[in-house]
Amino acid sequence: ATAAYPAQAGGMRRRTCPSLAGLPHLASFMHLARASVPTSAQLRQHLLARLPEYMAPASYTWLEQLPLTASGKVNRLALPVPGQVQVEEVTFDAPQGVEEISIARLWQDMLNIERVDRNGNFFTLGGHSLLAVQMISTVGKLFGTELPLRQLFANPTVAKFAEAIRQQSSTNQHPNLVTIRKRGTQRPLFLIHPGEGEIGYARDIAPWISSDIPVYGFAASGLLSGETPQTTIEDIASRYVRSMRHVQPQGPYRIAGWSAGGTIGYEMARQLQAADQVVEFMGMIDTDFSYLDLFALSDDDLDDLDRALAFDEIKSLLAYLPYRAPEEVSNEVKLLAQARDFDAMLERMHRHDFIPKGVDGSILQRHLALRHTLAVALYHYVTPQLPLHVTLFSASGESRLDPSIGWRGHLPANLLTLVPVGGTHYSIVEEPNVRDLGRELSSAIKNAATNPASVLEAYQPRVMIQSGQAG
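None of the values given here were measured: they were computed from a predicted structure.

### Quick look at the overall build of the protein
Then step 1. Scanning the protein from N- to C-terminus turns up 16 helices and 10 strands.
Then step 2. A burial count over the protein gives 48% of its 471 residues as buried.
Then step 3. As displayed, the protein offers around 23700 Å² of accessible surface, 51% of which is attributable to carbon and sulfur atoms.

Below you can see the structure in the form of structure tokens.
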């Protein structure tokens, strides 16, 4: 709205408006910087041409002055009740069929909402990744089927998620591939999951990536019963490359990944180059060059590495204990860990909301095992040198002596571009930093498209067969 109407942005805030009978919605507050006042319909129409529908505010309130804090920032808690929302802009479309009605009721209870539209989006209604895990667990018990969490990210509305449940029995040749945004005239961008295995960040960043770029994501195998996770970065990358080439048979390719996803994407680029394919863009979102510090290993551990890196569900669950947990609770959980009582530990974690209620032991064990398997794969991965330009989006909120996180010592200066983005390793993909991240990604992709690598630079006949010690 700022581009068409020079109003001072006042922020957006979720408030319940009486005209919506309890339905939450996105509300905007603005301070007018010129005489003419656009109508709410004009503002909404302008925004819908530039944003996904769920990101366009439903109500618009003009203020004589924005409330400010002592530091001069907008005081969102002091904003008034939102202005009236036109009924035709938020018409209620009731859920249809057993699956939709059951899902809508479940979301009402989980999100504490009076009613849920069949087009209601789980995440924009207040859901988040932890609640999503809980919801998937409940859906599995309710319908007698087990959906991967990635289905919710790909189908976040009541109607689409219900359809995913109905089609669960159909064969899927590319189960790791998730369509985030299919439309667009440019070559697609493929986003890779971090060490947790899921791709919630891809949904958050997609609205801030150029709207003409299709966006796909990759989620890890291993969260469903019967699924076996890949144990090496090379195997993971190989599976994702096959799925990627199903969507886009030939390059140039665009790949990006957050955290461990950057490392997996780098290996995907290596395999694509080995197949004489061009990787136009390789983006890493706060990705470490080395993961040797993932495990605190002693010299004795190095003598028996397989034993030292073996999965221990008790240690993995103990890692969920917050650093600032009350001392008596912390001591109780640690005593249960010494007794190796997983179920009792989980019960205490549920009781104190360290882990969402409803996440049963079997689901949590698979989640912990997947995270551990990915960590071991990262530990063993030897990063090769590639004739590949890498754009590293580094979290400027981290206190680091080396903002390149080790990549500057591995890649020549002409093959590494460092882009600082606000936030920490985790908040870089959260609001409001994710907006800047998406825009920087779009800019870097555009630059890569207008300045393609030469054929000689892209081709590398030498591949590493075996790594050894220095010297």
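### Details of the nonpolar core
Then step 1. Counting 38 residues, the largest nonpolar core has Tyr 266 and Met 268 as its most contacted members.
Then step 2. Once you skip the residues sitting within four places of it in the chain, Tyr 266 turns out to touch Met 282, Met 284, Tyr 381, Thr 383, Pro 384, Gln 385, Leu 386, Leu 388, Val 390, Trp 407, His 410 and Leu 411.
Then step 3. Listed in part, the 29 residues of the second largest apolar core include Leu 189, Ala 256, Val 419 and Val 434.

### A look at the pairing of strand 5 (residues 189-192)
A regular strand carries its side chains on alternate faces of the sheet.
Then step 1. The alternating pattern of strand 5 places Leu 189 and Leu 191 and Phe 190 and Ile 192 on opposite faces, both of which are buried.
Then step 2. Of the pairings in the sheet, the one linking strand 5 to strand 6 (residues 215-218) comprises four bridges and is parallel in character. By the bridge assignment for strand 6, Leu 191 is matched with Gly 217.

### Regarding unusual backbone geometry
Then step 1. The amide bond that connects Gly 251 to the next residue, Pro 252, takes the cis arrangement and shows omega of 5°.
Then step 2. For Pro 252, the location among the structural elements is in the loop between helix 7 (233-247) and strand 7 (253-258).
Then step 3. Here the phi dihedral of Ser 259 falls at roughly 60°; this positive angle occurs in a residue that is not glycine.
Then step 4. For Ser 259, the position within the fold is in the loop between strand 7 and helix 8 (260-274).
Then step 5. Taking the relative accessible area as the measure of exposure, Ser 259 reaches 13% and is therefore buried.
Then step 6. The phi dihedral of Asp 286 falls on the positive side, at around 50°, and the residue is not glycine.
Then step 7. You can see Asp 286 is positioned in the loop between strand 8 (279-285) and helix 9 (299-303).
Then step 8. Note on Asp 286: relative accessible area 1%, which makes it buried.

### Considering the environment of Asn 433
Then step 1. Within the fold, Asn 433 resides in helix 15 (residues 433-450).
Then step 2. Considering only alpha carbons, one finds Asn 433 and Gly 423, 10 residues apart in sequence, at a separation of 6.2 Å.
Then step 3. What Asn 433 contacts, discounting residues up to four positions off in sequence, is Val 421, Gly 422, Gly 423, Ser 427 and Ile 428.

### Some points on the sheet that holds strand 8
By way of backbone hydrogen bonds, the strands of a sheet pair with one another, either parallel or antiparallel.
Then step 1. Here we have seven strands laid out as an open sheet, ordered 4-6-5-7-8-9-10, and mixed in their pairing. Single-partner strands in this sheet number two, and they are strand 4 (177-181) and strand 10 (416-421). Strand after strand, the sheet turns through a mean of 20° between neighbouring axes, direction not considered.
Then step 2. Summarising the sheet, strand 8 and strand 9 (residues 390-395) pair through four bridges and their orientation is parallel. Considered in strand 9, the bridge of Ile 285 is made with Phe 393.
Then step 3. Contacts from helix 8 reach strand 5, strand 6, strand 7, strand 8 and strand 9, with the element oriented near 155° to strand 7.
Then step 4. Along the sheet face, helix 15 touches strand 5, strand 7, strand 8, strand 9 and strand 10 and points at about 160° away from the line of strand 8.

### With respect to the side chain of Arg 118
Then step 1. Assignment of secondary structure puts Arg 118 in the loop between helix 2 (97-111) and helix 3 (129-143).
Then step 2. On the basis of relative accessible area, Arg 118 is assigned to the buried category, the value being 17%.
Then step 3. One polar contact links Arg 118 to Glu 100, side chain to side chain, over a distance of 2.7 Å.
Then step 4. Sequence-distant contacts of Arg 118, defined by excluding residues within four places in its chain, comprise Asp 93, Ala 94, Pro 95, Gln 96, Glu 100, Thr 157, Val 158 and Ala 159.

### Observations regarding the packing of aromatic side chains
Then step 1. Tallying each qualifying case throughout the model produces nine aromatic pairs.
Then step 2. Centre to centre, the rings of Trp 258 and Tyr 426 are 6.1 Å apart; their planes meet at 85°, and the pair counts as edge-to-face. One end of the pair, Trp 258, is in strand 7; the other, Tyr 426, is in the loop between strand 10 and helix 15, with 168 residues separating them in the sequence.
Then step 3. Both rings, one in Phe 295 and one in Tyr 379, keep their centres 5.9 Å apart while their planes meet at 80°; by these two values the pair is edge-to-face. Pair noted here: Phe 295 is in the loop between strand 8 and helix 9 and Tyr 379 is in helix 14 (residues 361-380), with a separation of 84 residues, a long-range link.
Then step 4. Through successive ring pairs, a cluster of aromatic residues spans Phe 190, Tyr 216, Phe 218 and Tyr 240.

### Structural notes on helix 13 (residues 342-351)
Then step 1. Burial of helix 13 is extensive: seven of the 10 residues sit out of reach of the surface.
Then step 2. Listed as buried for helix 13 are Phe 342, Ala 344, Met 345, Leu 346, Arg 348, Met 349 and His 350.
Then step 3. On its buried face, helix 13 is in contact with helix 11 (313-318), helix 12 (327-338) and helix 14.
Then step 4. One or two residues past the end of helix 13 sits Asp 353, with phi positive at roughly 60°.

Cut-off values and rules
Residues numbered from 1 in each chain as written. Predicted model: local features only at pLDDT ≥ 70, side-chain atom pairs only at ≥ 80, totals over all residues. Heavy atoms only, no water. Helix = DSSP H or I, 4+ residues; strand = E, 2+ residues; numbered from the N terminus. Buried < 20%, exposed > 50% of the residue type's maximum accessible area, 1.4 Å probe, protein only. Areas by Shrake-Rupley, 256 points an atom, 1.4 Å probe, with all protein chains shown as cover. Core = buried A, V, L, I, M, F, W, Y, C linked by side-chain atoms within 4.5 Å. Contact = heavy atoms within 4.5 Å. Pairing = 2+ DSSP bridges. Axes fitted to C-alpha atoms, helices over the stretch in contact; angles between N-to-C directions. Polar contact = N/O pair within 3.5 Å; in protein donor to acceptor, adjacent residues only side chain to side chain. Phe/Tyr/Trp six-rings, centres within 6.5 Å; stacked < 30°, edge-to-face > 60°.

Worth remembering: the numbers are spatial, not functional.
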